Amino acid sequence: MKKGSGARSLSAAEAGCREHFADAALYDYEYRRRRADVNFYRRLARNRMEFAAGSVLDLACGSGRLLLPLLRDGHQVIALDRSPEMLSAAARRVRRLAGPRRRRCCLVRADLRAFAIRRPATLAVSAFHSVQHLLTEEDFLRFLACTRASLAKGGWLAFDVLPPDPAWLGRDPRRRWGRTIFHHPTTKQRLIYSTNHDYDKATRLLHIRLHYQPVDEAGRLAGPERTVRLCHRQYPPDDVARLLALAGFRLLEVFAGFDGRPLLGDPGAADEHVYVTVAV
């Protein structure tokens, strides 16, 4: 390895945990149809609160995609995120709620690896692959330690991971995939979206590049292409189970999707890996 290349790689990976969340309006537009995970966590919170009343931790709440439904369902929610842009978007959405719902929300800017909650919660949720921005096992263990300290005795933690798919990870990084033409939701600029990625087997880091090329209505280039970095650590089920045990959590369920199918057979064939755990 060349001198300094490790530092540059880590810097790029850290940037990949920030850049995708700097434009909250674009983020919300791109994932506007993603609802299965929200519905799953709403059901989980409702079922959990039937047996143990308390608050919900929304860890890496983003712009409030899950937070708002939880508040509308009547839950007390403490929502954490480290992105100021995403928290600002969440705050704007919370302000539009009726007074009683607004008062059930507490927004906190914090890092998943270093946070503390004064009053222990009953349920913690980290949705939409947020734990995959924990780039090392040490980061994951810090997250689990903070979460366990913020949960009441017997509290639950639920989160999801995108399954490591060898065929997808091994795609040609020189090609562009997922080409789509759309208009930016706020600037209305016409853009061609495409993506590609590199996978580092040594670090298990997936370095994704999201490309946005401005074009005019005739499809001609209309400015420089912008590339946004996104980085995910790959966490196979055996690693997740081992880290949970080290941190004092016991697995209750592992699902192969948000429809509640158990994770059986080939983990790579699942739509999602959804973990429900209890602090012990």
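Residues numbered from 1 in each chain as written. Predicted model: local features only at pLDDT ≥ 70, side-chain atom pairs only at ≥ 80, totals over all residues. Heavy atoms only, no water.

Chemist: I tried to follow the overall build of the protein on my own but got confused; where do I start?
Modeler: A tally of helices and strands in the protein yields nine helices and eleven strands. What you see for the protein is a C-alpha radius of gyration of 19 Å, in line with the 19 Å of a compact globule of 280 residues. Dimensions of the protein, computed from the C-alpha atoms along their principal axes, are close to 60 × 45 × 40 Å. Counting over 280 residues, the protein shows a buried share of 49%. If you sum the accessible surface of the protein, you get close to 14000 Å²; carbon and sulfur atoms cover 53% of it. Looking at charge distribution, the protein has the averaged site of its 47 positive side-chain charges lying 6 Å from that of its 30 negative ones. (Helix = DSSP H or I, 4+ residues; strand = E, 2+ residues; numbered from the N terminus. Rg over C-alpha atoms; globule rule 2.2 N^0.38 Å. Buried < 20%, exposed > 50% of the residue type's maximum accessible area, 1.4 Å probe, protein only. Areas by Shrake-Rupley, 256 points an atom, 1.4 Å probe, with all protein chains shown as cover. Lys, Arg positive; Asp, Glu negative; His and termini not counted. Charge placed at Lys NZ, Arg CZ, Asp CG, Glu CD.)

Chemist: Can you help me understand the pattern of salt bridges in this one?
Modeler: Side chains bearing opposite charge may pair, as long as their charged atoms lie close to each other. According to the stated counting rule, one finds 22 salt bridges in the structure shown. The residue Arg34 makes a salt bridge to Glu272 at a minimum N-O spacing of 3.4 Å. Here Arg34, found in the loop between α2 (24-30) and α3 (36-49), pairs with Glu272, found in the loop between β10 (249-255) and β11 (273-279); they are 238 residues apart in sequence, far enough to count as distant. The same class applies to Arg34 and to Glu272, which are both buried. Taken together, the salt bridges that share partners define one network made up of Glu14, Arg82, Asp111, Arg113, Asp139 and Arg142. (Salt bridge = Lys/Arg side-chain N within 4 Å of Asp/Glu carboxyl O.)

Chemist: Even after reading the chapter, I still don't get the sheet that holds β11, so can you show me in this structure?
Modeler: Sheet strands pair by backbone hydrogen bonding; their relative direction is either parallel or antiparallel. Reading across the sheet, the seven strands line up as β3-β2-β1-β4-β5-β11-β10 and stay open at both edges, with mixed pairing between neighbours. What marks the edges here is a single partner per strand, and that holds for β3 (105-109) and β10. Strand-to-strand, the axes of this sheet are offset by a mean angle of 20°, without reference to chain direction. Looking at chain direction, β10 and β11 are connected through six bridges and run antiparallel. Opposite Phe249, over in β11, you have Ala279 as the bridge partner. (Pairing = 2+ DSSP bridges. Axes fitted to C-alpha atoms, helices over the stretch in contact; angles between N-to-C directions.)

Chemist: Help me out: how do you make sense of the side chain of Gln213 in this one?
Modeler: Among the secondary structure elements, Gln213 is positioned in strand β8 (residues 205-214). With residues near it in sequence (within four places) discarded, Gln213 still touches Arg190, Leu191, Ile192, Leu221, Ala222, Gly223, Pro224 and Glu225. (Contact = heavy atoms within 4.5 Å.)

Chemist: Would you take a moment to explain the environment of Pro237 for this structure?
Modeler: Secondary-structure assignment places Pro237 in helix α9 (residues 237-247). When the C-alpha positions of Pro237 and Asp111 are compared, they lie 24 Å apart, and in sequence the two are 126 residues distant. With residues near it in sequence (within four places) discarded, Pro237 still touches Leu263, Pro267, His273 and Tyr275.

Chemist: I'm lost on the confidence of the model for the protein in this one. Help?
Modeler: A low pLDDT means the predicted coordinates there should not be read in detail. Of all residues in the protein, 97% attain a pLDDT of 70 or more, and the chain-wide mean is 94. Here residues 1-5 scores under 50 on pLDDT; set against residues more than four positions off or in separate chains, the count is two contacts. (pLDDT = per-residue confidence, 0-100.)

Chemist: I'm lost on the pairing of β11 in this one. Help?
Modeler: Regular strands have side chains that alternate between both faces of the sheet. Of all seven residues in β11, seven are buried; the element is thus mostly enclosed. Where strand β5 (residues 151-161) and β11 come together, six bridges link them in antiparallel fashion. The partner of Leu157 across the bridge, within β11, is Thr277.

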